[in-house]
Amino acid sequence: MRVAVIGTGYVGLVTGSCLAEFGMYVTCVDIDKQKIDKLNRGEIPIYEPGLELIIEKNVKEERLKFTTDIDETIKNNLVVFIAVGTPPKDDGAADLTFVENVARKIAENLNGYKVVVDKSTVPVGTGQHVKKIIRNIAGDNKRFDVVSNPEFLREGAAVQDFMKPDRIVIGAESEEAVAIMKDVYSAHYLNEAPFVITNIETAEMIKYASNAFLALKITYINEIANLCDLAGADVHKVAKAMGMDGRISPKFLHPGPGYGGSCFPKDTQALAYISKEYGYDFNLINTTIKVNEQQKVKMVEKIAKLLGIDYKKKNAFENLTIGILGLSFKPNTDDMRESPSITIINEIISKNGKIKAFDPIAMDNAKKIFGNSIVYCEDEYSAVEGVDCLVILTEWNQFRKLDMQRIKDLMNRHYLADLRNIYEPEKMNKLGFKYTSVGRG
Ligand code: UGA
């Protein structure tokens with residue numbers, strides 16, 4: 001089976017590499033020559049645990065290659081995955097320019113029956129839109145099918161998620177396309193991963209409904225945590241007991257500074273936009289987006305309260321240095337997109353505070369965002385030297401077992417805002433920290 005993957009961003013690269021690992025012959029295409037050259041030199045443009053090994057192995061075994069030649073790649077493959085970006089526009093709508101460009105290219109190179117698979121997260125109706133573009137250019141006599149096959153990969157765990165999916169969703173209009181897609185995923189089929197076969201629109205909706213629900217679930221536990229803080233309750237115990245109810249499940253009930261990343265913020269915005277387009281006011285999603293933004297700012301208020309300063313004052317953080325551990329939106333990724341750290345750090349800087357920061361992987365990406373407005377440190381310990389308050393923003397494993405006595409000795413004053421709840425409040429208080437976390441009284 002020969003498969004083309006167009007777009008070597010996060011989704012395309014993981015999909016292409018993992019399909020090759022499952023025995024497919026995969027050609028990954030990108031218009032970005034520099035990126036393709038890099039990949040051909042064995043350099044991986046994103047940080048994703050396990051991916052480098054898979055790419056190296058499959059390139060060596062000649063099941064995986066990278067090229068900029070989109071025309072030839074389309075001609076030579078039966079299945080063509082569209083995995084290009086769909087960035088948000090100013091009004092929250094997904095920008096489909098790249099998807100449309102690829103659809104045109106496919107139409108121009110349609111030299112036989114092909115299955116065109118939409119892997120990018122696209123608004124409901126895009127599959128039909130792609131079909132129309134191809135039909136208009138290729139004419140009535142050419143045979144092809146459009147399929148929606150959304151991905152459910154988490155950054156930092158994408159390889160594992162691809163290998164052992166909870167479900168594989170295939171939205172298609174013909175038996176032939178479904179059979180070919182089952183062939184593409186035959187390894188999963190044999191491993192009895194559940195397949196959900198639907199029409200195209202339903203598959204597109206499943207992706208948005210899933211991501212928006214998870215964003216909503218996180219937002220819900222964040223609000224419960226805020227209330228726990230006021231009421232003297234412990235959100236961890238609340239979440240644990242909630243999760244014991246099989247209908248709720250314990251996953252995605254960890255409170256924190258708000259969700260970020262390239263998916264939840266974009267997909268909730270897009271769902272709100274799609275709803276509006278259909279004349280439906282999706283209140284719950286609109287509120288989730290608003291509350292998540294507020295959560296980030298609430299974290300700055302929390303830090304100010306801990307330090308005993310008036311957050312509302314223009315120069316609230318004047319003469320204070322804050323040490324930040326963790327900048328990426330979550331651990332095991334260098335992705336800074338929509339990371340709560342951006343709002344939180346910018347808010348502190350705007351109120352005249354100074355920032356010293358460290359992240360194990362995301363420093364280079366952080367530099368592109370913060371420039372020289374913050375001090376970048378070599379490790380955890382240099383980031384806390386002389387600071388008034390330490391803020392833990394991302395729960396990297398290496399931050400879970402810090403030498404807290406050493407940390408304390410290095411700090412100027414001993415305020416600790418643990419916004420991922422990775423330390424025990426009692427232990428921290430005993431060590432002499434003035435400690436706060438999210439939702440633990
Ligand atoms: C998310 C989904 O989990 C994937 O299933 C989906 O395929 C992907 O989006 C996508 O659409 O491509 P991802 O953005 O990589 O994956 O990251 P998550 O692990 O879901 O975390 C998202 C955000 O929620 C992070 O900021 C994380 O810190 C936050 N989060 C997550 C919480 O604050 N609490 C939780 O309990 C879980």
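Residues numbered from 1 in each chain as written. Predicted model: local features only at pLDDT ≥ 70, side-chain atom pairs only at ≥ 80, totals over all residues. Heavy atoms only, no water.

### A closer look at the overall build of the protein
Okay, step 1: What the protein contains, in helices and strands, is 18 helices and 14 strands.
Okay, step 2: C-alpha extents for the protein along the principal axes are approximately 75 × 50 × 40 Å.
Okay, step 3: When the accessible surface of the protein is split by element, carbon and sulfur atoms take 50% of a total near 20500 Å².
Okay, step 4: Looking at the protein, you have 57 positive and 60 negative side-chain charges, and the mean spots of the two groups are 3 Å apart. (Helix = DSSP H or I, 4+ residues; strand = E, 2+ residues; numbered from the N terminus. Areas by Shrake-Rupley, 256 points an atom, 1.4 Å probe, with all protein chains shown as cover. Lys, Arg positive; Asp, Glu negative; His and termini not counted. Charge placed at Lys NZ, Arg CZ, Asp CG, Glu CD.)

### Observations concerning the domain arrangement of the protein
Okay, step 1: Domain annotation for the protein reports domain 1 (2–198) and domain 2 (199–441).
Okay, step 2: Between the C-alpha centres of domain 1 and domain 2 there is a distance of 33 Å.
Okay, step 3: The interface of domain 1 with domain 2 comprises 32 residues on the first partner and 27 residues on the second.
Okay, step 4: The three residues of domain 1 that bury the most area against domain 2 are Y47, V124 and E155, which together make up 30% of that side's buried surface.
Okay, step 5: There are two salt bridges connecting domain 1 and domain 2.
Okay, step 6: Among the salt bridges present, the one from R337 reaches E155, with a minimum N-O distance of 3.9 Å.
Okay, step 7: Inspection of the region where domain 1 meets domain 2 yields ten residue pairs in polar contact (both at pLDDT 80 or more).
Okay, step 8: When residues of the side of domain 1 that touches domain 2 are traced back to their parent elements, those giving at least two are α6 (126–138), β6 (144–148), β7 (168–171) and β8 (195–198).
Okay, step 9: Of the residues in the side of domain 1 that touches domain 2, the class split is 15 nonpolar, eleven polar and six charged. (Domains from an automatic or database assignment. Contact = heavy atoms within 4.5 Å. Buried area = accessible area lost by both parts, 1.4 Å probe. Salt bridge = Lys/Arg side-chain N within 4 Å of Asp/Glu carboxyl O. Polar contact = N/O pair within 3.5 Å; in protein donor to acceptor, adjacent residues only side chain to side chain. Nonpolar A, V, L, I, M, F, W, Y, C, P; charged D, E, K, R; others polar.)

### Examining the site of the ligand
Okay, step 1: Looking at the ligand, there are 19 residues lining it, with E151, L153, E155, K207 and N211 nearest.
Okay, step 2: A distance of 2.9 Å separates an oxygen atom of the ligand from a polar atom in the backbone of G260.
Okay, step 3: Burial of the ligand by the surrounding chains reaches 92%, relative to a free accessible area of 710 Å².
Okay, step 4: Sorting elements by how many residues they give to the shell around the ligand places helix α10 (residues 200–231) first, with three residues.
Okay, step 5: For the shell around the ligand, a count of residues per class yields nine nonpolar, three polar and seven charged. (Near = heavy atom within 4 Å.)

### Topic: the sheet that holds strand β9 (residues 321–325)
Okay, step 1: Taken in spatial order, the six strands line up as β11-β10-β9-β12-β13-β14 in an open sheet, and their pairing is parallel. On the outer flanks of this sheet lie β11 (375–376) and β14 (434–437), each paired with one strand and no other.
Okay, step 2: Here four bridges tie β9 to strand β12 (residues 389–392), and the two strands are oriented parallel to one another. Opposite I324, over in β12, you have V391 as the bridge partner. (Pairing = 2+ DSSP bridges.)

### Structural notes on the nonpolar core
Okay, step 1: The biggest cluster of nonpolar side chains holds 60 residues, and the ones touching the most others in it are I303, F317, I322, I324, L327, V391 and I407.
Okay, step 2: For this core, the leading source of residues is helix α13 (residues 283–307), giving six residues.
Okay, step 3: Ranked by size, the runner-up nonpolar core spans 40 residues in total, among them L19, I36, F81 and I180. (Core = buried A, V, L, I, M, F, W, Y, C linked by side-chain atoms within 4.5 Å. Buried < 20%, exposed > 50% of the residue type's maximum accessible area, 1.4 Å probe, protein only.)

### So, the pattern of salt bridges
Side chains that carry opposite charge are capable of pairing whenever their charged atoms lie near each other.
Okay, step 1: All chains considered together, the criterion is met by 18 salt bridges.
Okay, step 2: Between D267 and K266 there is a salt bridge whose closest N-O contact spans 3.8 Å. Both residues of the pair, D267 and K266, count as buried.
Okay, step 3: The residue E293 makes a salt bridge to K296 at a minimum N-O spacing of 3.1 Å. Remark: K296 and E293 occur in helix α13; sequence separation between them is three residues, near one turn of the helix.
Okay, step 4: Three or more residues joined by partner-sharing salt bridges are found here, namely E155, D335 and R337.

### Comments concerning the environment of T198
Okay, step 1: Tracing the chain through its elements places T198 in strand β8.
Okay, step 2: Residues T198 and S148, spaced 50 residues apart in sequence, show a C-alpha to C-alpha distance of 9.2 Å.

### A look at the pairing of β12
Okay, step 1: Taking every second residue as pointing to the same face, both faces of β12 are buried, with C389 and V391 on one and L390 and I392 on the other.
Okay, step 2: Each parallel crossover has a hand, and for β12 linked through helix α17 (residues 404–410) to strand β13 (residues 415–418) it is right-handed. (Right-handed = clockwise from strand over helix to strand, strands pointing away.)

### Overview of the pairing of β6
Okay, step 1: Counted residue by residue, β6 has five buried out of five residues, so it is predominantly covered.
Okay, step 2: Residues F144, V146 and S148 line one face of β6 and the alternating positions D145 and V147 line the opposite face, and both faces are buried.
Okay, step 3: Examined bridge by bridge, strand β5 (residues 114–118) and β6 share five bridges and lie parallel to one another. Residue pairing for β6: K114 is matched across the bridge by F144.
Okay, step 4: What joins β5 to β6 is α6, and the crossover it makes is right-handed.

### Looking at the environment of N226
Okay, step 1: Its place among the elements puts N226 in helix α10.
Okay, step 2: Residue class for N226 comes out buried when judged on its relative accessible area of 13%.
Okay, step 3: The spacing of N226 and K298 is 72 residues in sequence and 9.1 Å in space, taken between C-alpha atoms.
Okay, step 4: Each residue touching N226, except ones within four places of it in the same chain, is listed here: Q295 and K298.
Okay, step 5: At 2.9 Å, the side chain of N226 and the side chain of Q295 are in polar contact.

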